[in-house]
Amino acid sequence: MIKFTLNGRLVETDAPPTARLLDLIRDEFTLIGTKEGCGEGECGACSVFVNNHLQNSCLIPIGSIDGTDVITIEGIMESEQFKILDESYSSAGGVQCGYCIPGMVMASAALLSKNPHPSEAEIREGISGNLCRCTGYNMIVDAINLAAKKGDGLWQKK
Amino acid sequence: MNLKDISTSVPKKDHSGKVSGQLAYISDVKVENMVYGVLVRSPIAYGKIKSIQLPNFPEGYEAVGAEQIPGPNVVKIIQEDQPIFANEWVNYIGEPILMLVGKELDILYRLLNEVKIEFDELQAIYTLDDAIQQKSAPGVTMASYEFGENLDVISTIEQGAHKIIEEEYSTGYQEHVYLEPQGMLGIYKDDEIVVQGSMQCLYYIKNALISALACGDDEVRVVQSPTGGGFGGKEEFPSMMACHVAVAANAVKKSVMLVFDRSEDMVVTTKRHPAKIKYRTAIDEEGNILSMCVDVFLDGGANAGLSSVVLQRALLNSAGVYKIPHFHAKGYVLKTNTVPNGAFRGFGAPQSFAGIESHIGHISKLSKLDPLDYKRKYLVKQGDPTITKGQFRDPILMEDMIEDLLNASDFKSKKGEFQRFNQQNLRYKKGIGTSLFLHGCGFTGSGERDHIKATVKLVKSRDDKVLLKISNSDMGQGIYTTLSKIVAQALDLPFDRVLYPDPDTKEVPDSGPTVASRTTMIVGKLLERAAKKLKAQWQPGVEQEVVENYVHREMIPWDEKTFTGDAYPAYSWGVNIVEVEVDTLTGNVKLEKVYANYEVGKVIDDRIMKGQIDGGLAQGLAYGYLEKMTSKEGRIQQKSISDYGPPTSMDVVSIESKVFDNPYADGPYGAKGAGELTLIGGAPAVQAAIEDALQTSFQQIPITPEVIIESL
């Protein structure tokens, strides 16, 4: 039995330890915001936080998450920080097909919580593990830049 | 909605569900009594199936194949050469032979390995070069067209010419890499099969299903799920998956889900056609072009699919934006035993523009003339004939757009600056390049009139909300927003009172496929007309319905046989300038600056247009130097995203772009097509910039580090 915290709630599963965290989140806990884009850790669509670190959930066997704190996009949806990101992505036009976006939002939040005033180069690096095929990234970079400004002072709050 | 300027951006209709991830794409859907499907695929490129041995299936697991297809074993596209399940011949590695269905994917994958198939393997054609050599052999040429100046006339001109310049140009595969892999669900119901999934063309799928299931119009229904990127990859390909899940659901009387993982998606789905283009141009002593012959060869892969139409567009763009005297072109789609190639944003035009921009650039350099000055000398003008004896009817703003972009990019002083930089630096070399291009909007020729015959419907509810009833898909390009905006503006109704639910063939008429930069211009115009009609008869609190049908504005009638007439009702235009730095030690190319001007009639939403510009350019630039896919003995070699190399946020730079107004009478609020145009100029501009940096010429894209190192 593997026990961990999922979006602030203590949960347990008897799925095999080799099962992917991505499948556990989507199938057993029916949280659909974490998407599968490649299954090989190359696209970032399945990004989650494990103990506050941005991780590709497709690469994590659940045997390794016992006792950890896992947060998905659903776990940040009600936060003030998410609200800022939501508005910024909207006004910068960062969302097209949307499939990469929850992962991109997670990467944005991870970046801003570490570096609340990133330069353009730091933003590009911060989302370099998240692939987007629609936007050419620039409007996503703009969104993160805008969120940094709009949410000044918020990003390092827990 | 009463916008002073329709271009003023509004929030996107589908923003919230996407940003929170709570919008359900097809892989997020689960229905009662659902099983999964996996496909048994051909391991060989060409041969005849001798025998199939199935393993012992556990309870609840079974195989579905050709014998369970109620109708003909054909995916209805254009020609009847693509089986739903190959049961006799296989023509490429990965061709579907059977589907295994059952509850658990793990078990299905195990069973997949236990299916034993024996083949009589035959000699396959693996490469476009082999196919060109064998193009007269039966079945190799799948389509061909020829048009233009009489060859005897050209031969006489060539005899008197100062020089004949011959070049052979190659372009590679391009893979769509939509972030959401292909997925389709066949829902089994007592009285109908519902097919739901990621798609661009609901009625292509519905027609394919009616044929495959040999059923009535009301026994199948197609519903679009939110679609995570298409770029043409979800134009014709999903019809095959839809047939698979519908036939399987019908056979096993359960709902069947088929979702590809990334490697399967990369290896078996359609791609941009690799091309070889041959140029033969006669010039006089001053370097003026006297005549030009262009031969286009497209690698169709194993099935005809949409390749003939892709070839048409490649040929229609074979002279680029230029008025070339005594122009002649011919083209072929050739069969190879490789994965079928198909629709991809630009649809044949990106290959042609990469080729012609390269060739014209090389001619100018041979004559020691500045490439851009030379190109401008041949630029088409309003009233000029097209290469198919049609006409450029509307004002052309290219001269203004070029001049503006030269200023914005500070082109002239950059040229000098880069020359000095390159003299002082051995390792790093900087270059700047341009591309000029257009895109014909809508279907080629008489397609809209004869094949599509679009119909749109607006339904007003009792609470005075208006619903768009059309079959077009929002795949990220933003039509939920732009088309709703056109209707809201025409009705002077608040934006949030106009609704555009996910299309469902039970609810919507056939307004045509979501392709060919036709949606805004053609469907948008029909909606604008419908909205005006509804406004004229508006009765508060009453349910009302308005239908509009496509009306063809006759110009010079298109004749596909002679390849003459107006191929498109209107054209959108573009100019790109790209700056690069090349590392001559590693061959790496770094983008430094990108400038872009476009003319698309009238922009319906500035922010959405910018998204199309940035995203299209990122794909187009990468097509020129980053993205490389190859096939070896019929097997695609790049099975993962990183093997293939689409751009990351680190590869792209910010893009300075501007869009010029030039309203088009037959487009809604003056709008023409925009989505494909933005991709087309990327590769030729990046090639010109790399050539400028290295003072050399290339005859191919992508210009990868290997190609660069070899050229030094």
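No experiment lies behind these values; they were computed from the predicted model shown.

Asks: In this structure, what is going on with the overall build of chain B? I would like to understand it.
Replies: Scanning chain B from N- to C-terminus turns up 20 helices and 26 strands. At 26 Å, chain B has a C-alpha radius of gyration in line with the 27 Å of a compact globule built from 712 residues. Considering only C-alpha atoms, chain B reaches an extent of 75 × 70 × 50 Å along its principal axes. Counting over 712 residues, chain B shows a buried share of 57%.

Asks: Quick question: what am I supposed to make of the overall build of chain A here?
Replies: In terms of helices and strands, chain A carries six helices and five strands. Secondary structure elements of chain A occur, N-terminal to C-terminal, as β-β-α-β-β-β-α-α-α-α-α. Along the first, second and third principal axes, the C-alpha atoms of chain A reach 45 × 30 × 25 Å. Within chain A, buried positions represent 56% of all 158 residues. For chain A, the share of sequence-separated contacts (at least 6 apart) that also reach a separation of at least 24 residues comes to 64%.

Asks: Hey, could you run me through the sheet that holds strand β18 (residues 466–469) of chain B in this one?
Replies: Sheets are built from strands paired through backbone hydrogen bonds, the pairs being either parallel or antiparallel. Residue and element names in this part refer to chain B. Across the sheet, four strands lie side by side as β19-β18-β17-β20; this open sheet has mixed pairing. For this open sheet the edge positions go to β19 (498–499) and β20 (544–549), each flanked by a neighbour on one side alone. Where β18 meets β19, two bridges bridge the pair, whose relative direction is parallel. Residue pairing for β19: L467 is matched across the bridge by L499. Seen against the sheet, helix α14 (residues 479–491) touches β17 (455–460), β18 and β19 and runs at an angle of roughly 135 degrees to β18. The strands touched by helix α15 (residues 519–536) within the sheet are β17, β18 and β20, with β17 carrying the most contacts at an inclination of about 40 degrees.

Asks: Just checking my understanding: could you explain unusual backbone geometry for this structure?
Replies: Most peptide bonds adopt trans geometry, and most residues besides glycine take a negative phi value. Residue and element names in this part refer to chain B. Between I701 and P702 the backbone carries a cis peptide bond, its omega angle lying at 0 degrees. Relative to the helices and strands, P702 resides in the loop between β26 (700–701) and α20 (705–711). With a phi close to 50 degrees, S517 is a non-glycine residue in the positive phi region. Locating S517 in the fold gives a position in the loop between β19 and α15.

Asks: What is the right way to read the domain arrangement of chain A from this model?
Replies: All names here are of chain A. By domain assignment, chain A separates into domain 1 (2–75) and domain 2 (80–150). Here domain 1 and domain 2 have C-alpha centroids that lie 21 Å from each other. Between domain 1 and domain 2, the contact holds 14 residues from the first and eleven residues from the second. For the side of domain 1 that touches domain 2, the element with the highest residue contribution is strand β3 (residues 47–50), accounting for three residues. Residues belonging to the side of domain 1 that touches domain 2 are distributed by class as follows: seven nonpolar, five polar and two charged.

Asks: Explain the interface of chain A and chain B here, please?
Replies: Interfaces are often sized by the amount of accessible area the parts lose when they come together. Chain A puts 40 residues into the contact, and the matching count from chain B is 46 residues. Elements that contribute at least two residues to the side of chain A that touches chain B include exactly α3 (80–92), α4 (101–114), α5 (120–126) and α6 (138–150) of chain A. Partitioning the side of chain A that touches chain B into residue classes produces 21 nonpolar, eleven polar and eight charged.

Asks: Can you help me understand the domain arrangement of chain B in this one?
Replies: Residues and elements named next belong to chain B. Domain parsing of chain B yields domain 1 (15–22 + 447–549), domain 2 (31–122 + 182–267) and domain 3 (363–442 + 566–711). Averaged C-alpha coordinates put domain 1 and domain 2 at centres separated by 31 Å. Listed per partner, the contact involves 13 residues of domain 1 and 18 residues of domain 2.

Asks: Sorry, what's going on with helix α8 (residues 307–316) of chain B here?
Replies: An α-helical turn contains 3.6 residues, so any two residues separated by three or four positions project in the same direction. Burial analysis of α8(B) places nine of its ten residues in the buried class, which makes it a mostly covered element. Buried positions along α8(B) lie against β7 (141–148), β13 (275–283), β14 (289–301), β15 (327–335), α9 (349–366) and β16 (428–441) of chain B.

Asks: Looking at this structure, how should I read the nonpolar core?
Replies: A general feature of soluble globular proteins is that nonpolar side chains tend to end up buried together. Residues and elements named next belong to chain B. Counting 267 residues, the largest nonpolar core has V195, V245, A246 and V487 as the members making the most contacts within it. Among the elements that make up this core, the one with the highest residue count is helix α6 (residues 237–252) (twelve residues). Ignoring sequence-local partners within four residues, the contact set of V245 consists of G37, M184, L185, G186, V195, V256 and L258.

Asks: Explain the sheet that holds strand β2 (residues 47–53) of chain B to me, please; I cannot follow it from the model alone.
Replies: Residues and elements named next belong to chain B. On the basis of which strands lie adjacent, the open sheet formed by three strands has the order β4-β2-β6 and antiparallel pairing. Unpaired on one side and paired on the other, β4 (89–90) and β6 (116–121) mark the two borders of the sheet. Here β2 pairs with β4 via two bridges, running antiparallel. Pairing of K48 across the sheet is with W89, part of β4.

Asks: Before we go on, may I ask you to explain the UniProt feature "domain: Aldehyde oxidase/xanthine dehydrogenase a/b hammerhead" (unreviewed entry) in chain B in this structure?
Replies: Here the UniProt feature "domain: Aldehyde oxidase/xanthine dehydrogenase a/b hammerhead" (unreviewed entry) sits at residues 20–123 of chain B. Taken end to end, residues 20–123 of chain B is 10% helix and 32% strand, and its two terminal C-alpha atoms sit 52 Å from one another.

Asks: Mind showing me how you'd approach the confidence of the model for chain B here?
Replies: The predicted structure's coordinates, where accompanied by low pLDDT, should not be read in detail. For chain B, per-residue confidence averages 97 on the pLDDT scale, and residues scoring 70 or more make up 100% of the total. We note a pTM of 0.98 for the whole complex and an ipTM of 0.98 for its interfaces.

Asks: Got a minute to help me understand the pairing of β15(B) in this structure?
Replies: Every other side chain in a regular strand lies on the same face of the sheet, so the side chains alternate between the two faces. All names here are of chain B. Counting buried residues along β15, eight of its nine residues qualify, which places the element largely inside the surrounding structure. Sheet topology places β7 next to β15; seven bridges connect them, and they run antiparallel. Its bridge partner being in β15, S144 is matched across the sheet by Y332. Since β14 and β15 lie parallel, the crossover through α8 that links them has a hand, and here it is right-handed.

Asks: Where do I start with the packing of α3(A) against α6(A) in this structure?
Replies: In a packed pair of helices, the relevant descriptors are the angle between the two axes and the axis-to-axis distance. Residues and elements named next belong to chain A. Put simply, α3 and α6 touch, their axes get as near as 8 Å, and they point 135 degrees apart. One finds that α3 runs oblique with respect to α6. α3 and α6 meet at a crossing whose hand is right-handed. Judged by residue contacts, I84, L85, S88, Y89, S91 and A92 of α3 engage M139, D142, A143, L146, A147 and K150 from α6. Its residues assigned to classes, the contact of α3 with α6 shows eight nonpolar, two polar and two charged.

Asks: Help me understand the packing of α9(B) against helix α10 (residues 371–378) of chain B in this model?
Replies: Residue and element names in this part refer to chain B. One way to put it is that α9 packs onto α10 with a least axis distance of 9 Å and a crossing angle of 115 degrees. The interaxial crossing formed by α9 with α10 has right-handed handedness. Taking contact as the criterion, the partners of I360, G361, S364 and K365 in α9 are, on α10, P371, Y374 and K375. Considered class by class, the residues forming the contact of α9 with α10 number three nonpolar, two polar and two charged.

Asks: Is there a simple way to think about the environment of B:K532 in this case?
Replies: Residue and element names in this part refer to chain B. Along the chain, K532 falls in helix α15. Classification of K532 by C-beta neighbours within 10 Å gives partly exposed; the count is 14. A sequence separation of 335 residues divides K532 from G197, and the C-alpha atoms of the two residues are 33 Å apart.

Asks: Got a minute to help me understand the environment of B:V310 in this structure?
Replies: All names here are of chain B. Tracing the backbone shows V310 in helix α8. Distance from V310 to F347, taken between C-alpha atoms, is 5.3 Å for residues 37 residues apart in sequence. Those residues in contact with V310 that sit more than four places away from it in its chain are H273, L298, F347 and G348.

Asks: Honestly, the environment of B:H362 in this entry has me stumped. Any pointers?
Replies: With respect to the helices, strands and loops of the structure, B:H362 is situated in helix α9. For B:H362, a count of 20 C-beta atoms within 10 Å translates into the label buried.

Reading the values: rules and limits
Residues numbered from 1 in each chain as written. Chains lettered and ligands numbered in written order. Predicted model: local features only at pLDDT ≥ 70, side-chain atom pairs only at ≥ 80, totals over all residues. Helix = DSSP H or I, 4+ residues; strand = E, 2+ residues; numbered from the N terminus. Rg over C-alpha atoms; globule rule 2.2 N^0.38 Å. Buried ≥ 20, exposed ≤ 12 C-beta atoms within 10 Å, placed from the backbone. Contact = placed C-beta atoms within 7 Å. Pairing = 2+ DSSP bridges. Axes fitted to C-alpha atoms, helices over the stretch in contact; angles between N-to-C directions. Domains from an automatic or database assignment. Nonpolar A, V, L, I, M, F, W, Y, C, P; charged D, E, K, R; others polar. Core = buried A, V, L, I, M, F, W, Y, C linked by C-beta atoms within 7 Å. UniProt positions renumbered as here; feature names shortened; annotations may be inferred. pLDDT = per-residue confidence, 0-100. Right-handed = clockwise from strand over helix to strand, strands pointing away. Parallel < 35°, antiparallel > 145°, perpendicular 65-115°, else oblique. Left-handed = near helix turned anticlockwise from the far one by under 90°.

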